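Below, each chain spelled out in residue letters.
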Amino acid sequence: MTTNSNTTKPNKGGLEGIVAATTAMSKVDGTAGRLIYRGYNIHDLARTTSYEEILHLLWFGHLPDEQELADLRARLVAARTIPDTVMQSLRSLPAETDPMDALRTAVSTWGALKIKGKPTVDQAIALTANFPLFLAAFNRLRHGQEPLESQTELSHAANYLYLLTGQVPSNEHVRGLNSYLVLLADHGMNASTFTARIVASTESDIVSAVVAAIGALKGPLHGGAPSKVQDMLREIGTIENADSWLRNAITTGQKLMGFGHRVYKTTDPRAEELREMARVADPEGFKMSRHVEERALALLDELKPGRRLYTNVEYYSAALMNSVGLSGDLFTPTFAVSRVGGWTAHILEQVSNNRLIRPEAEYTGPENLPFTPLNERKK
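Residues numbered from 1 in each chain as written. Predicted model: local features only at pLDDT ≥ 70, side-chain atom pairs only at ≥ 80, totals over all residues. Heavy atoms only, no water.

This part takes up the nonpolar core. Residues Val 107, Phe 131, Val 210 and Leu 256 are the most contacted members of the largest nonpolar core, which totals 107 residues. The biggest single contributor to this core is helix α6 (residues 121-142), with 13 residues. Apart from residues lying up to four places away in sequence, Val 107 is in contact with Leu 127, Phe 131, Phe 134, Val 207, Val 210, Val 211 and Ile 214. (Core = buried A, V, L, I, M, F, W, Y, C linked by side-chain atoms within 4.5 Å. Buried < 20%, exposed > 50% of the residue type's maximum accessible area, 1.4 Å probe, protein only. Helix = DSSP H or I, 4+ residues; strand = E, 2+ residues; numbered from the N terminus. Contact = heavy atoms within 4.5 Å.)

To summarise the sheet geometry, strands pair through backbone hydrogen bonds and adopt either a parallel or an antiparallel arrangement. Taken together, three strands build an open sheet; the order of strands is β1-β2-β3 and the sheet is antiparallel. Bordering the open sheet on either side are β1 (26-29) and β3 (40-41), each of which pairs with just one other strand. Here two bridges tie strand β2 (residues 34-37) to β3, and the two strands are oriented antiparallel to one another. Pairing of Tyr 37 across the sheet is with Tyr 40, part of β3. (Pairing = 2+ DSSP bridges.)

Turning next to the environment of Ala 95. Here Ala 95 shows up in the loop between α4 (84-91) and α5 (99-114). Taking the C-alpha atoms as reference, Ala 95 lies 26 Å from Glu 314; in sequence the two are 219 residues apart. Sequence-distant contacts of Ala 95, that is, excluding residues within four places in its chain, are made with Phe 138 and Arg 142.

Before going further, it helps to spend a moment on the pattern of salt bridges. The full count for this structure, using the stated rule, is 17 salt bridges. Lys 287 is the salt-bridge partner of Glu 284, the closest N and O atoms lying 3.2 Å from each other. One end of the pair, Glu 284, and the other, Lys 287, are both in helix α14 (residues 283-303), three residues apart, so they sit about a helical turn from each other. Judged by relative accessible area, Glu 284 falls into the exposed class, the value being 56%. Exposure remark for Lys 287: the relative accessible area of 48% places this residue in the partly exposed category. Salt bridges here are not isolated pairs; linked through shared partners, they connect Arg 275, Arg 290, Glu 293 and Glu 294. (Salt bridge = Lys/Arg side-chain N within 4 Å of Asp/Glu carboxyl O.)

When two helices pack together, their arrangement is given by the angle between the helix axes and by the axis-to-axis distance. Contact geometry of α14 with helix α15 (residues 313-323) gives a least axis separation of 11 Å together with a crossing angle of 170°. Considering the angle they form, α14 stands roughly antiparallel to α15. Of α15, the residues touching α14 (which contributes Phe 286, Ser 289, Arg 290, Val 292 and Glu 293) are Tyr 315, Tyr 316 and Ala 319. For the contact of α14 with α15, the class distribution of residues is five nonpolar, one polar and two charged. (Axes fitted to C-alpha atoms, helices over the stretch in contact; angles between N-to-C directions. Parallel < 35°, antiparallel > 145°, perpendicular 65-115°, else oblique. Nonpolar A, V, L, I, M, F, W, Y, C, P; charged D, E, K, R; others polar.)

A few words now on unusual backbone geometry. One non-glycine residue with positive phi stands out, namely Glu 203, at about 70°. With respect to the helices, strands and loops of the structure, Glu 203 is situated in the loop between α9 (191-201) and α10 (206-218). At Asn 368, a position not held by glycine, the phi torsion is positive, near 60°. Mapped onto the elements, Asn 368 comes out in the segment after α16 (331-352). Looking at Asn 368, the relative accessible area reads 78%, which means it is exposed.

Dropping the structure here:
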């Protein structure tokens, strides 16, 4: 007797379990809780490398030596410029514009001015260099402040914080944000990266692919949840209120923000790194975050036995970004400041050996309906 292999495994939708592409960028091992960038464990990279080193790793395939790193930093610094047309578009946006929409608008305008032809590393460098500039400029404009000029001596992370605040940031804040940028730079075939690769596979330009990725990241099921963790913690209010709030939320089916992941079946390795960073960056705030995490995991085990949920990257991302002075609505755009490195690396990988990404869809609608011309259809 023969069986149809298509019926042996239920289709959960969302392309789950489907291999859509091959990549040398990163590997997400959900069972073991590992994240690998081009062969390197994320725990080693998060503690020891700069974001610029990670960009070199993703774009060029290896960690840089000192000269290679200096060269890449110089190219990033040289690209830190906002054309007048882009600045005018940012000035024209209402102050209440979502920063993700402002970023998307600025990138699209910049691309119309600057980008032609097949994606290149030079284009990837320019895009990545300018993401912090676009966001910081809009953030200052919406608060009635003038945008600032970049400081050439500052690193990618430090310059972003300077452009937001007008103050040279502390080493502690730079370390925290740099580690965050390292941890979020790439993550396998996530929704926004897949979106970027689909657009690139049509032989469209790099900015079109990145703008599409920004749209995917904006969604709360992908990158839009870190600020909601802060909202949840504020609603809980105190350590003493945590148990009753969490128990009520779990029993009434509310979603606990910052818990659970589509891929990881154990603790997200990025969350492990961010937990320690948040502890150092904001000891008082960390007490509340850690207590809620511990009680939530215990109550989930009690009330939802067999359904294991673990802390994901968003939970301590919120605490860390809050500690360096970012407002909640800048959390997801700052995710994009990091992930644009991964997006552009995947775009370059896609076009280097391209085939149009064109999956099949299973049709579930009717067939062979009798057709009636418009003048014969009854109301």
